[in-house]
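Okay, here's what each chain looks like letter by letter:
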Amino acid sequence: MELVQMQKSLQDYTKSLFLDGVLDSQFLQLQQLQDESNPDFVSQVVTLFFQDSDRILNDLSLSLDQQVVDFKKVDPHVHQLKGSSSSIGAQRVKNACVVFRSFCEQQNVEGCHRCLQQVKQEYYLVKNRLETLFKLEQQIVASGGMIPAMELGF
Amino acid sequence: MSIACELSNPNLKKTKAEKRITTKILLIRVLCGLVVLWLCLSLSLGFLCICKKKESASDDESSSSAKGMLFRNQKNVSRSEIDAMLSLFFDSNQVTSFECRKESDGITCSLSTRSEKEEDEEEEEAKRHVVAELMSSSDNDEEGGVLHEVVLFYVINKWHWWLVLCVLLVGGGRMIFARKEVSSFVQDKQQQQQQCKRAGQWRKNMLLLCIIAGVSFSVLWFWDTNEEILFQRKETLTNMCEERARVLQDQFNVSMNHVHALSILVSTFHHGKTPSAIDQKTFGEYTERTNFERPLTSGVAYALKVTHSEREKFEKEHGWSIKKMDFEDQTLVQGFDPAPVQDEYAPVIFAQETVSHIVSVDMMSGKEDRENILRARALGKGVLTSPFKLLKSNHLGVILTFAVYNTNLPHDATEEERIQATIGYLGASYDMPSLVEKLLQQLASKQTISVNVYDTTNASSVIKMYGSEVGDMSEEHISSLDFGDPFRKHEMHCRFTQKPPIPWLAILPPGFALVITFLLGHIFNGAINRIATVEEDYQKMMELKARAEAADVAKSQFLATVSHEIRTPMVGVLGMLKLLMDTDLDAKQLDFAETAHGSGKDLISLINEVLDQAKIESGRLELENVPFDLRFLLDNVSSLLSGKAAEKGIELAVYVSSNVPAVIVGDLEDEILKQRLGSDETSCNTLSGYPAVNASGSWRNFKTFQDHSCDKTELLVTVEDTGVGIPVDAQSRIFTPFMQADSSTSRTYGGTGIGLSISKRLVELMQGEIGFVSKPGVGTTFSFTGVFGERERDSSVTALELFDQSIQEFQGLKALVIDSRNIRAEVTRYHLQRVGVSSVDIASSLATASTSCASKLVNMDLILIDKDAWNKEEYVAFNSGQETSTRPPKIILLATFTTPAELSEIKSSGLVDEVVMKPLRMSVLVCCLQETMGSGGKKRQTNRKPKNLGNLLRGKQILVVDDTMVNRRVADAVLRKYGALVTCVDSGKAAFAMLKPPHDFHACFMDLQMPEMDGFEATRRVRDLEEEMNKKEESRKWHTPILAMTADVIQATNEKCIKCGMDGFVSKPFEEEELYSSVARFFDK
């Protein structure tokens, strides 16, 4: 019974992630890619994403704190972040990155700073949420249950 | 990109063209300058020539004519003189000598005739000869001169006209040239404007030059003509004056000669004979008789030289005393006082009757006469007095005095000898006014000129001998007169009596030329201004056009961007709505959510349509030929539309004629075609709405194979409906974008009205025609044709392959279609035949089927029953009847729209094996048949596509290039899932190294934005490398498919991808279907 409840709460939680726009369908595809041959695929990718993003955000903060901001350096970073976030389906991070890039094009330092904060915020949000999600999953797996497949059709 | 190319290319061309043009202009200008210079030179040369010519001609003319005149007169005079001489004397030692020198440019004639004591005839002949020759030569010369002059003038005139013509031609040519110039480069505005301005300025200057040339030409012409006229006038005056002067001179000389002869006569007969043979009577008679010889003399008298010592003797001899001349009272002859005592006297002894009153008057007593006498005897020649008032007649006159010598003096006798030898004096008085008067009367046109004769011996006090001060004082010709007395100088002044007339001849033609010049100038000025305005307008228009084009491009770009941007959030909106609808909602909320969802979908479709329209309008939509299976395509179309059709309660069916080839090479835009077909039908639906399909019953979606040439196929596609039809008045504007049949239509049925216009454009792109027939209340039939290529059946494009296996299974099955409507049954049969069911029977109802072909019915494998013909009871009965049969036919119900409840009811009844929703589609039919026949599993059905992708990618070596680890990982996982062997690299450089032939990769997925070397650059390098390899190795062609991975798929990126050698692109993150379609092209071989 507890297991069922846990499964239900996982389902609800995942749904809320989608409803909040933190994640999009790409994440579902990732989950579909995960199979017997590759049981930890999603968590691997997400971990990679976290590592990558931490580095990029760090670089970005450094770059933007410079006296003279070199936008030619900033833009590829943001692009990278955008690419990786869209790959795992972190929708809000991706959207923030789009805005960030437009500010980069305008060479608006002020806007970039704001966007960086925004991106960081979104990033920490998605990180928290995903970590919670993985914890839930692990709990279910630990208690011997199956992770319910998500069916989200648009 | 392409725009930039287009812009840069004409620029290049233009600069070249411009260079060429500038050199041309330079050349033309230089040529013009040369022509003008040459013309000026020739003109001035010609002018100089003509002036010289004129001068020489006039010189010759005047001299020759004067001389000719002289000779003529001489001739006449000498003839009469000789006649007179003949009658009286026979010995004359006079020597007549004529010398004539005549010079002209052509003939130099020097003639000298000396006749000394010749026979009369001979002399005359010789003189005549001379005269004739001179006259003729002078005539010739004159004529020649005039001829020369005329020709030259004509030539000069010609030159003038040539000049004008040349200038005009050059101007005209320049204008045409300029116009061409204008039309040849239109792009670069600034350059163009400068060019135009320069051209305009050039033209204006040219025109000004032309006008100035024209005016100066006219002035020159006028001046030239006027000058000529004046010259002629002067010449005439000179000629006349000279003529008169010569005549006067000649007459005078002749008279003088005669007086001389008289003196000799007196010396011979008075002094030479003793006693004297002459007395007063003889002298008077002789002189009177020979007076015609001296028409100019009023009288002659002979005075004897008497010294003072001889005075008394002389007075005694003659019986009168020597009288003194009295000037106080000339009329009183009687009042002559005796002459005062002097050394010497010259009393007149003989006198002509007219002057007999001066007999016995001492000529020495008059001052003038005395001087005259003294000079005459000293010189031995005729001597003239200055003019003075003559006695009695009171006219101005001169006295000619000859000395008479007693011996024949030699020529070189000294003065002393002459004085010694003098024995008397012969005097003749000339009455000047009557003399001149007489002369002038002999000559023609005496009215036109007035003549004055002056004695100019004393330059300070000129004495007028004849004439009046009338006439035009501005021009005067002075000819000198030689009366044989070197001491005296006389001049003749001639002038015209009237002022010169206005030279109309000189004014009119140049005036006309001037007027023409100004007229031409006006016309050309107008033309130039017009050209300038046109050019300016043209500039403006070009500018506006460029702006409009730019605006159009901007519009398209804006539309594309905005549409793209709108679509992305709309997907979110729709997804969320769908999620919302899945949650627990009450009926009202669900309704709202559904409405919102529907609207969102409509919005997306509208955006797609607008995007297409924009694409077509901007001409960027190009058709690409890709083979496709029409039937399969139509299946997709019908499935796409099935939802909509079901909503509206419309039954939809597709029928393709068996004549249509399986595979058609058509436009790449099969996707769009598909959509368009869809929208076509949608529009149709929207317009006519299918209110009661079942009622009218006739419907089909009909394709006919129309014409078939070797490799081109023309398809006729017909879309029929049985709707409300299109109102007649709206039919004309159906194809206009955003035009609905009427506003109420859109309200009733929705839709934007853009679909048909897009369809029309697409059809036009496919070289086809679109048209429709519609009857309100009956329905509408849209039809269009399109030209397609044909190709052999190719498994890659026919979806048939997917079902090949199943189709083989179905072969040999027998089916019965039960349908109350024939056409519908026909369509069902067509679909069944497609899936391989060869023998299909049709019956209108189960009852008829069972009665008419009961035996057959038993053998049937399949019975397809349309829901309209479904009768539950009947089938229950039928089914029960079949219970015994070993292998009952499977019964499939074809339903158009069924509620889920109804469906489940039918299914649960167990009477029917399967329910197939219409419209019929191959895939659906195959699934259904497989299920019913038990030959296929559901699992297989669901996994078909991914499995297929797996088949496609299985074992393929694929290189993934992305700098982001996460992306790499995801792509790797996705591709691996489909069985591909994936290698990942993290940069363009690494990818380049990996793709260096030879390698084993079957494909490469390349991220576009990467540090150091981006996807474009890497691809370009790989392609270059491959080309090199291909050149070396003939055996194998290297071309690794490279697909771009990109998050933003916009037109420009797409174009750039293709341009740098990529084969296609997939959006990131991967979507199964898209991945499949893009990879299928390369691996499905």
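All values derive from a computational prediction rather than experimental measurement.

**Things to note about the pairing of strand β30 (residues 981-985) of chain B**
All names here are of chain B. Pairing geometry for strand β29 (residues 957-961) and β30, over 5 bridges, is parallel. Bridge assignment links Leu959 to a residue of β30, and that residue is Thr983. Remark: the β29/helix α25 (residues 965-977)/β30 crossover connection has right-handed handedness.

**Observations regarding the packing of aromatic side chains**
Across all of its chains, the model carries 7 aromatic pairs over all chains by this definition. Ring geometry for Phe283(B) against Phe350(B): centres 5.3 Å apart, planes inclined by 25°, an arrangement best described as stacked. Highlighted residues: Phe283(B) in helix α4 (residues 280-289) and Phe350(B) in strand β7 (residues 348-351), separated in sequence by 67 residues. As far as the burial class goes, Phe283(B) and Phe350(B) line up, both buried. Members of the aromatic cluster, joined through ring pairs, are Phe49(A), Phe50(A), Tyr123(A) and Tyr124(A). In this structure, Arg233(B) is placed above the aromatic ring of Phe496(B), and the distance from its NZ or CZ to the ring centre is 4.1 Å. Directly above the ring of Tyr345(B) sits Arg311(B), whose terminal nitrogen or CZ lies 4.7 Å from the centroid.

**Quick notes on the sheet that holds strand β28 (residues 914-917) of chain B**
Residues and elements named next belong to chain B. If you walk across this open sheet you meet the 5 strands as β25-β24-β26-β27-β28, and the pairing is parallel. Strands at the two margins of the open sheet, each flanked by one partner only, are β25 (839-843) and β28. Each strand axis lies, on average, 25° off the axis of its neighbour in the sheet, ignoring direction. In the packing of helix α17 (residues 822-834) onto the sheet, contacts are made with β24 (814-818), β25, β26 (862-866) and β27 (890-895), and the angle to β25 comes to roughly 165°.

**Considerations on the nonpolar core**
In this structure, Phe27(A), Leu30(A), Phe100(A), Val126(A), Leu130(A), Leu975(B) and Phe1005(B) are the most contacted members of the largest nonpolar core, which totals 68 residues. With 50 residues, the next largest nonpolar core counts Ala245(B), Val259(B), Tyr466(B) and Phe483(B) among its residues.

**Quick look at the interface of chain B and chain A**
Across the contact, 20 residues belong to chain B and 26 residues belong to chain A. A combined buried area of about 2200 Å² lies between chain B and chain A, and 64% of that area is made up of carbon and sulfur atoms. Three residues stand out in chain B for area buried against chain A, namely Leu579(B), Val966(B) and Arg969(B), and they jointly supply 26% of the buried area on that side. Our enumeration of links across chain B and chain A arrives at 0 residue pairs in polar contact (both at pLDDT 80 or more). Elements with a minimum of two residues in the side of chain B that touches chain A: α9 (504-582) and α25 of chain B.

**Observations regarding the pattern of salt bridges**
Residue and element names in this part refer to chain A. Per the stated rule, a full pass over the model turns up 17 salt bridges over all chains. Note that Asp54 is salt-bridged to Lys127, the shortest N-O span being 3.5 Å. One end of the pair, Asp54, is in helix α3 (residues 41-65); the other, Lys127, is in helix α6 (residues 109-142), and 73 residues separate them in sequence. Accessibility expressed as a relative area gives 18% for Lys127, which makes it buried. With a shortest N-O distance of 3.1 Å, Arg92 and Glu122 are connected by a salt bridge. Taken together, the residues span a long stretch of sequence, with Arg92 in helix α5 (residues 91-106) and Glu122 in helix α6 at a distance of 30 residues. Taken together, the shared-partner salt bridges connect Asp52, Arg55 and Asp59 into one network.

**Points about the UniProt feature "modified residue: Phosphohistidine" (unreviewed entry) in chain A**
This chain's UniProt record puts "modified residue: Phosphohistidine" (unreviewed entry) on His79(A). In this structure His79(A) touches Arg101(A) and Gln1009(B), once residues within four positions along its chain are discounted.

**Re unusual backbone geometry**
Only a minority of non-glycine residues have a phi that is not negative, and only a minority of peptide bonds are not trans. A positive phi is found at Gln107(A), a non-glycine position, where the angle reads about 60°. Looking at the secondary structure, you find Gln107(A) in the loop between α5 and α6.

**Digging into α6(A)**
Residues and elements named next belong to chain A. The end-to-end C-alpha distance of α6, which contains 34 residues, comes to 48 Å, matching closely the 50 Å that a straight helix rising 1.5 Å per residue would cover. For α6, the N-terminal capping position is held by Asn108, with its side-chain oxygen 3.2 Å away from the main-chain nitrogen of Glu110. Backbone geometry just after α6 places Gly144 at a positive phi near 80°.

**Let's talk about the environment of Lys381(B)**
Residue and element names in this part refer to chain B. With respect to the helices, strands and loops of the structure, Lys381 is situated in the loop between α6 (367-379) and β9 (383-384). By relative accessible area, which is 47% here, Lys381 ends up partly exposed. Each C-alpha atom of the pair Lys381 and Phe402 lies 6.2 Å from the other, and the pair is 21 residues apart in sequence. The residues contacting Lys381, other than those within four sequence positions of it, are Ala376, Thr401 and Phe402.

**Here's the deal with the packing of helix α4 (residues 71-88) of chain A against α5(A)**
Residues and elements named next belong to chain A. Running from N to C, α4 and α5 cross one another at 160°; their axes reach a closest spacing of 9 Å. One finds that α4 runs roughly antiparallel with respect to α5. The crossing of α4 and α5 is left-handed. Residues Phe71, Val74, Asp75, Val78, His79, Leu81, Lys82, Ser85 and Ser86 of α4 form the contact with α5, whose participating residues are Val93, Lys94, Cys97, Val98, Phe100, Arg101 and Cys104. Among the residues making up the contact of α4 with α5, the classes are represented as 9 nonpolar, 3 polar and 4 charged.

**A few points about the sheet that holds β29(B)**
Hydrogen bonds along the backbone pair up the strands of a sheet, which may run parallel or antiparallel. Residue and element names in this part refer to chain B. Judged by pairing direction, the sheet is parallel, and its 5 strands sit side by side in the order β30-β29-β31-β32-β33 without closing on themselves. Strands at the two margins of the open sheet, each flanked by one partner only, are β30 and β33 (1064-1067). On average, each strand axis in the sheet is inclined to that of its neighbour by 25°, with strand direction left out of account. As paired elements, strand β32 (residues 1042-1046) and β33 share 4 bridges and run parallel to each other. Bridge assignment links Thr1046 to a residue of β33, and that residue is Ser1067. Packed onto the sheet, α25 meets β29, β30 and β31 (1003-1007) and runs at close to 170° relative to β30.

Calculation notes
- Residues numbered from 1 in each chain as written.
- Chains lettered and ligands numbered in written order.
- Predicted model: local features only at pLDDT ≥ 70, side-chain atom pairs only at ≥ 80, totals over all residues.
- Heavy atoms only, no water.
- Pairing = 2+ DSSP bridges.
- Helix = DSSP H or I, 4+ residues; strand = E, 2+ residues; numbered from the N terminus.
- Right-handed = clockwise from strand over helix to strand, strands pointing away.
- Phe/Tyr/Trp six-rings, centres within 6.5 Å; stacked < 30°, edge-to-face > 60°.
- Buried < 20%, exposed > 50% of the residue type's maximum accessible area, 1.4 Å probe, protein only.
- Lys NZ or Arg CZ within 6 Å of the ring centre and 35° of its normal.
- Axes fitted to C-alpha atoms, helices over the stretch in contact; angles between N-to-C directions.
- Contact = heavy atoms within 4.5 Å.
- Core = buried A, V, L, I, M, F, W, Y, C linked by side-chain atoms within 4.5 Å.
- Buried area = accessible area lost by both parts, 1.4 Å probe.
- Polar contact = N/O pair within 3.5 Å; in protein donor to acceptor, adjacent residues only side chain to side chain.
- Salt bridge = Lys/Arg side-chain N within 4 Å of Asp/Glu carboxyl O.
- UniProt positions renumbered as here; feature names shortened; annotations may be inferred.
- Expected span 1.5 Å × (residues − 1).
- Parallel < 35°, antiparallel > 145°, perpendicular 65-115°, else oblique.
- Left-handed = near helix turned anticlockwise from the far one by under 90°.
- Nonpolar A, V, L, I, M, F, W, Y, C, P; charged D, E, K, R; others polar.

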